[in-house]
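Structure assessment
Here are the chains, one letter per residue:
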Amino acid sequence: MRWDIFCKVIDNHGDLGVCWRLARQLATQGDGVRLWVDDGAALAWMAPTGHAGVPVVDWRDPDAVQEAAAAAAPDVLIEAFGCDPAPELIARFAEPVSANRPHRWWINLEYLSAEPYVERLHWLPSPVFRGPGEGLSKRFFYPGFTAATGGLLREPDLMARRAAFDRAAWLGGQGIEWRGELLISLFCYEPPALLELLARLAAGAEPARLLVTPGRAALAVKALLSGSAARKALPAGLGALSISYLPHLSQPDFDHLLWACDLNFARGEDSFVRAIWAGAPLVWQIYPQDDDAHHVKLLAFLDWLGAPPALRHAHMVWNGFEAGALPPLDRLTLANWSASVQAGRDRLLQQNDLVTQLRGLISQKS
């Protein structure tokens, strides 16, 4: 099949990351895929070698839009996260189908949530009443954590690659001299408890190394360390804590970072899902929403996970939902958290991945 995936970049680590993984998996399985983006700059480090089967098209380029509008329409149009594809491409997609292609699919790929409404709305039709797509119908496709949802993105060989991963070799390749200390990845916005995390690790009974991703996480850590509050809260020389600032990592190497660490602080959607597949303890900083809908969304995930009380409290404090201190981050606590995450991962592995489910629904309904 031929797929067009449309992505409007709001947070280039998350929305573009999800769309690139989806496009690449479809192409790897033999389909033709075009990824339309309004800002693909992050692909320079996210996917530096690209993929032969995934041309990336700037939908702000009128010549590219006109060329696509004059060519054959795709079999499947994916509107990721409620973006609005160019009207010319919708009009082309809306033209009558041929006898050998009896159906086209317009799919709105939604955000991930563990909330109950996802099961109710997954795959529901949404008629289009105006514009160039008038008369067509979209289908809502909701990723999720249960068999009644669309599942999560997962490459067929992901768990085999995870099992074969050599932590020490990968760290050495990144120039990190690991001596057995606790490894913690930090991919975050500006969490309220960041200074407390640094202080707790610095005062810890065992050495810990924080692997800080570039962008907002690195800026937040450096800003704290240069301020007066850190000078009061942290011991000279950071005590038991070492900090490594990482460069931008490709998607495979970001996965490797999560596999290498004993605890992962993830954010958004793409890194959160990849942290689940890593199977290590994780603390998720959920993307904030003005109406505080992210509170309900986070609690729904923790309920699905069956998170132990300390892990729930860590999420509440990290996201600023509750006051108080972070729980201890010793190996015994992390082992308890890890058991919870791995049990959740095992449940997910019993379900089909997102691409398999999407293909199945399309083939059954054609």
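A few points on the structure. Values in this document were obtained by computation on a predicted structure and should not be read as measured data.

So, on to the overall build of the protein chain. Along the protein chain, the regular secondary structure elements total 16 helices and twelve strands. For the protein chain, whose C-alpha radius of gyration is 22 Å, the value lies close to the compact-globule estimate of 21 Å for 366 residues. In terms of overall dimensions, the protein chain has a C-alpha envelope of 70 × 40 × 40 Å along the principal axes. Each of the 366 residues in the protein chain was classed as buried or not, and the buried ones make up 54%. Long-range contacts, defined as pairs at least 24 residues apart, comprise 71% of the intrachain contacts of the protein chain with a sequence gap of at least 6. Total accessible area on the protein chain is roughly 15,800 Å²; 55% of this is exposed by carbon and sulfur atoms.

The next thing to look at is the packing of aromatic side chains. Applying the stated criterion to the full structure yields 20 aromatic pairs. Through successive ring pairs, a cluster of aromatic residues spans Phe145, Phe272, Trp284, Phe301 and Trp304. In this structure, Lys222 packs its charged tip against the face of Tyr245, placed 4.6 Å from the ring centre. Positioned over the ring face of Trp304 is Arg347, at 4.4 Å from the centre of the ring.

Here we take up the sheet that holds strand β2 (residues 32-37). Read from one edge to the other, the open sheet built from seven strands follows the order β3-β2-β1-β4-β5-β7-β6, with strand pairing classed as mixed. Edge positions in the open sheet fall to β3 (56-58) and β6 (125-127), since each of these has one partner strand only. Sheet twist, expressed as the average angle between the axes of neighbouring strands with direction ignored, equals 25°. Bridge count for strand β1 (residues 2-7) against strand β4 (residues 76-80) is four bridges, and the pairing is parallel. Bridge assignment links Ile5 to a residue of β4, and that residue is Ile78. Contacts from helix α1 (residues 15-28) reach β1, β2, β3, β4 and β5 (105-109) within the one sheet, and its direction differs from that of β1 by about 170°.

The subject of this paragraph is the pattern of salt bridges. Counted according to the given criterion, the structure contains 19 salt bridges. The closest approach of N and O atoms between Arg2 and Asp75, which form a salt bridge, is 3.7 Å. Of this pair, Arg2 sits in strand β1 while Asp75 is found in the loop between α3 (62-70) and β4, placing the two residues 73 residues apart along the sequence. Given a relative accessible area of 3%, Asp75 falls into the buried group. Asp157 serves as the salt-bridge partner of Arg161, at 3.2 Å between the closest nitrogen and oxygen. For Arg161, a relative accessible area of 31% puts it in the partly exposed group.

The five strands are arranged β10-β9-β8-β11-β12 in an open sheet whose pairing can be described as parallel. Edge positions in the sheet fall to β10 (241-245) and β12 (282-285), since each of these pairs with one other strand and no more. Across the sheet, the mean angle separating the axes of adjacent strands is 15° when strand polarity is ignored. Sheet topology note: the strand β11 (residues 263-267)/β12 ladder contains four bridges and is parallel. For Asn264, the partnering residue across the bridge sits in β12 and is Leu282.

Basis of the calculations
- Numbering of residues begins from 1 in every chain and follows the order in which that chain's sequence is written.
- Since the coordinates come from a predicted model, pLDDT governs what is reported: local features require at least 70, and pairs of side-chain atoms require 80 or more to be given and counted, while whole-chain, interface and lining totals use all residues.
- Side-chain metrics rest on all non-hydrogen atoms present in the structure, leaving aside hydrogens and water.
- Labels follow the DSSP assignment, with helices taken as runs of H or I lasting at least four residues and strands as runs of E lasting at least two, numbered in each case from the N terminus.
- In this description the radius of gyration comes from C-alpha coordinates, and the expected globular size is given by 2.2 Å times residues to the power 0.38.
- Burial classes follow relative accessibility: with a 1.4 Å probe on protein chains only, a residue under 20% of its type's maximum area counts as buried, one over 50% as exposed, and anything between as partly exposed.
- For this analysis, residues touch if any pair of their heavy atoms sits within 4.5 Å.
- Only the protein chains shown count as covering a residue, and every accessible area follows the Shrake-Rupley method with a 1.4 Å probe.
- Aromatic pairing here means that ring centres of Phe, Tyr or Trp (its six-membered ring) are within 6.5 Å. Orientation follows from the plane angle: under 30 degrees is stacked, over 60 is edge-to-face, and everything else is tilted.
- Charge-over-ring contacts are defined here by two conditions on Lys NZ or Arg CZ: a distance within 6 Å of the ring centre and an angle within 35 degrees of the ring normal.
- By definition, two strands form a pair when at least two bridges between them are found by DSSP.
- What counts as an axis is a line fitted to C-alpha atoms, over the stretch in contact for a helix, and the angles between N-to-C directions run from 0 to 180 degrees.
- Any carboxyl oxygen of Asp or Glu that lies within 4 Å of a side-chain nitrogen of Lys or Arg is treated as forming a salt bridge with it.

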